[in-house]
Each structure stands twice: as C-alpha cells, then as structure tokens.
Amino acid sequence: MAILELDNATVGFGESHRRYTVLEDANLKVHENEFVAIIGFSGSGKSTLISLLGGLVLPDAGAVRFKGKEAGGPGPDRGIVFQNYSLLPWLTVYGNIELAVKTVFPQMKRNERRDYIQKYIDQVSLTGSESKRPSELSGGMRQRLSLARTLSMQPEILLLDEPLSALDALTRSVLQDEIIRLWEEDRRTVVMVTNDVDEAVLMADRIVPLTPGPSAQLGREFAVTLDRPRDRATLNFNPEFKKLRNEITRYMLDINEDAKQLRVASELVLPDIQPIRIGVA
Ligand SMILES: Nc1ncnc2c1ncn2[C@@H]1O[C@H](COP(=O)(O)OP(=O)(O)OP(=O)(O)O)[C@@H](O)[C@H]1O
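Computed from a predicted structure; not experimentally measured.

Around the ligand, the surrounding shell holds 13 residues, and the nearest of these are F13, S42, K46, S47 and T48. Put simply, the parts of the chain that give the shell around the ligand at least two residues each are strand 2 (20-30) and helix 1 (46-54).

Following this line, the structure appears as structure tokens:
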C-alpha cells in the first residue's frame, strides 16, 4: 500500500470565470522509504502539489490519502521544507529547532531536549552556530537549519519544495549530498520537488514529471536504478545516467511543446464573420 497517495486530485484558485485550475485529476502513489522527485517547469504547480501532499491546501475534488486514510490538514507526520526557509528571524538556530520540538514533543524533559536538539544541529553541520539568528547565516546554512527543524519533528514523510533552488551551484551540490546522506541513514520517505533533471537523477529512486499547467497532471514515470551511493564525479561519464537524463529532458521538452501548441489553439481568436450567399444573376 502507498504511504501517501493522490487519487484524481484537483486543485484550483479563484472563482467562476477567473478560476485557474492548477492540478486536475492528478494521481500519484508514494511508497514507504522511497525517494521520489517531482520535476516540472516554473509555474507548473509544483509548490501547489507539495502543499496538497502536506495538507496546506485541500483538494477541490479527488483525495489525498496518508496510509490509506483521508489525509486532512497539516500535521507533524508530513514535514515540509520550503524553498524560502520560513525560519523565525527573532529566534536563534537552537531556538528555531526548540520551538518545533516543544510543539511536537511537549513531554520531553529539558535535559533530554537539549541533547536531542544538539543532535539535529550536529547532523546538519551547524555545530558552533547554535546562538546565531537566521540573518547571520548563509543561504546554505539557513536551508540546513530548515531541514534540521523539520527532521527534529520526526515526520514519517519529508516533503521538500525546491529546497536547493535558491543556492549557488557549489552549496547546492554539498547540500544534495547531505540530504542523500541523511536519507540513507534512516530511509525516511521523501518527496522532493525540483526543476533540475540532474539533481532528480542524482538523488531519487523514481522521477515523476509534472505536465505544464494549467490543469497539470503527473506524467510518465522514470525509475532510477543507478547504484547507491552515487558519485557525482563519475556520474557524468556513466552511460545509464546520461541516457536517463537525455530521455527525461526530451520528454519534458516534448510535453512543454505540446502544451504550448494547445495554449495557442485555445487562445487563437477567430474573426466573427458569417458566410454570405451571393446569388449570380
Ligand atoms: N494561492 C494562490 N492563489 C491564486 N493562484 C495561485 C495560488 N498559488 C498558486 N497559484 C497559481 O498556480 C500556478 C502554479 O503555482 P505554483 O507555485 O504551484 O507553481 P510552481 O511550479 O511551484 O512554480 P515555481 O517553480 O515558479 O515556484 C501559478 O500560475 C500560480 O500563479
């Protein structure tokens, strides 16, 4: 059974003729311990999809199921890491994690809590920065903190909404490796949204493209069977990696081209003329 499932889920924003349908009849099954990457173009509905899986947005039609039951609103069982970190600026590194831990584990004793928080700070290599505020951290450090805060709540599923897209290429690759390392430690189920095909192939077990919006759906799936651990230095020369990357890129370009043509057809306004029968004397 899938741990998280979208069953013909439809989500839109706005009313009547101004309504914009972001996802329509979207179907997805995420299995326990799997690392799934969703790739899509900008504006296709990736963040909406993560919000839907995390319970921040409810479907207008269809269902989101967690362990076979209607998932409902957000909860600590589905932890989300956002693109823009969403940290509390007045709290320190320690304080940001502490707030989450106190909320999810209110019974935890003070001493135990201190060690527990420190474990997550160490795990994401923020040791020594405990008393810094988010404004004193680099982008990569903020994203590490955001990750540690979410992991400290021990969610059953980690939902990552383009967690690395705001980072420079070098920091991005360091954090990709860290996320993989953390995932390999306990194989928590992960759904990660990205717009980077290479990142998806490097990290995921399965890649599911999101078709361009409006009314986006989850398209043909690609299994990534490359052995783990995957070494980014040699991956570029790996024929299986190159083949998969090319296949996915080609597929994404094709579905984007199809969507463009459909949009042009639906936007084409024909002149409002009537045929006139002219009689010839
Ligand atoms: N709360 C909202 N109200 C109205 N429209 C919305 C809302 N949230 C998203 N949209 C629209 O839904 C579409 C998809 O947005 P979404 O943020 O999910 O895309 P995305 O693929 O994550 O984009 P990006 O890659 O640029 O972050 C966009 O056209 C956006 O304007």
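The subject of this paragraph is the sheet that holds strand 5 (residues 69-70). Strand order in this open sheet of 4 strands is 2-1-4-5, and the pairing throughout is antiparallel. Because the sheet does not close on itself, it has two edges, and the strands there are strand 2 and strand 5. Bridging between strand 1 (residues 4-13) and strand 4 (residues 61-66) involves 5 bridges; their strand directions are antiparallel. In the strand pairing of strand 4, L6 is matched with V64. In the packing of helix 1 onto the sheet, contacts are made with strand 1, strand 2 and strand 4, and the angle to strand 1 comes to roughly 125°.

Another aspect to go through is helix 2 (residues 93-104). Look at helix 2: 17 Å from first C-alpha to last across 12 residues, which is about the 16 Å you get at 1.5 Å a residue. Along helix 2, the positions that sit buried rather than exposed are V93, N96, I97, A100 and V101. Along helix 2, the residues classed as buried sweep out an arc of 130° about the axis, all on the same side. Relative to its buried face, helix 2 has exposed residues pointing more than 90 degrees away, namely K102 and T103. At its buried positions, helix 2 is contacted by helix 3 (110-123) and helix 4 (139-152).

Further remarks concern the nonpolar core. Core analysis: the biggest nonpolar cluster contains 67 residues, and V36, A37, I38, A148, V191 and I207 have the highest contact counts within it. Setting aside anything within four residues of it in sequence, one finds A37 in contact with M192, T194, A200, M203, A204 and I207.

Right, let's talk about the UniProt feature "domain: ABC transporter" (unreviewed entry) in the protein for a bit. Per the UniProt record, the feature "domain: ABC transporter" (unreviewed entry) sits at residues 4-237. Overall, residues 4-237 shows 33% helix and 24% strand. The separation of its end C-alpha atoms is 35 Å.

So, on to the packing of helix 3 against helix 4. Direction vectors running N to C along helix 3 and helix 4 enclose 140°, while the axes themselves pass 9 Å from each other. As far as their axial angle goes, helix 4 and helix 3 are oblique. Crossing of helix 3 against helix 4: the hand is right-handed. Along its contact with helix 3, which presents I117, Y120, I121 and Q123, the element helix 4 presents A148, L151 and S152. Split by residue class, the contact of helix 3 with helix 4 holds 5 nonpolar, 2 polar and no charged.

What follows covers the sheet that holds strand 10 (residues 222-223). Here 6 strands make up an open sheet; going across it, the order is 6-7-8-3-9-10 and the pairing mixed. Whereas interior strands pair on both sides, the edge strands pair on one side only; in this sheet they are strand 6 (78-81) and strand 10. Of the strand pairs in this sheet, strand 6 and strand 7 (residues 157-161) are connected by 4 bridges, and their pairing is parallel. Paired with R78 across the two strands is I157, which belongs to strand 7. Across the sheet, helix 1 is in contact with strand 3 (35-39), strand 6, strand 7 and strand 8 (189-194); its angle to strand 7 comes to roughly 160°. Sitting on the sheet, helix 4 is in contact with strand 6 and strand 7, with an inclination near 175° to strand 6.

Okay, unusual backbone geometry next. A cis geometry characterises the amide bond from G213 onward to P214, with omega recorded as -5°. Among the structural elements, P214 can be located in the loop between strand 9 (206-209) and strand 10. Phi at Q154 takes a positive value of approximately 50°, unusual for a residue other than glycine. Position of Q154 among the secondary structure elements: in the loop between helix 4 and strand 7. In this structure Q154 comes out as partly exposed when scored by C-beta crowding, with 14 C-beta atoms within 10 Å.

About the criteria used
- Residues numbered from 1 in each chain as written.
- Predicted model: local features only at pLDDT ≥ 70, side-chain atom pairs only at ≥ 80, totals over all residues.
- Near = placed C-beta within 6 Å.
- Helix = DSSP H or I, 4+ residues; strand = E, 2+ residues; numbered from the N terminus.
- Pairing = 2+ DSSP bridges.
- Contact = placed C-beta atoms within 7 Å.
- Axes fitted to C-alpha atoms, helices over the stretch in contact; angles between N-to-C directions.
- Expected span 1.5 Å × (residues − 1).
- Buried ≥ 20, exposed ≤ 12 C-beta atoms within 10 Å, placed from the backbone.
- Arc of directions from axis to C-beta.
- Core = buried A, V, L, I, M, F, W, Y, C linked by C-beta atoms within 7 Å.
- UniProt positions renumbered as here; feature names shortened; annotations may be inferred.
- Parallel < 35°, antiparallel > 145°, perpendicular 65-115°, else oblique.
- Left-handed = near helix turned anticlockwise from the far one by under 90°.
- Nonpolar A, V, L, I, M, F, W, Y, C, P; charged D, E, K, R; others polar.

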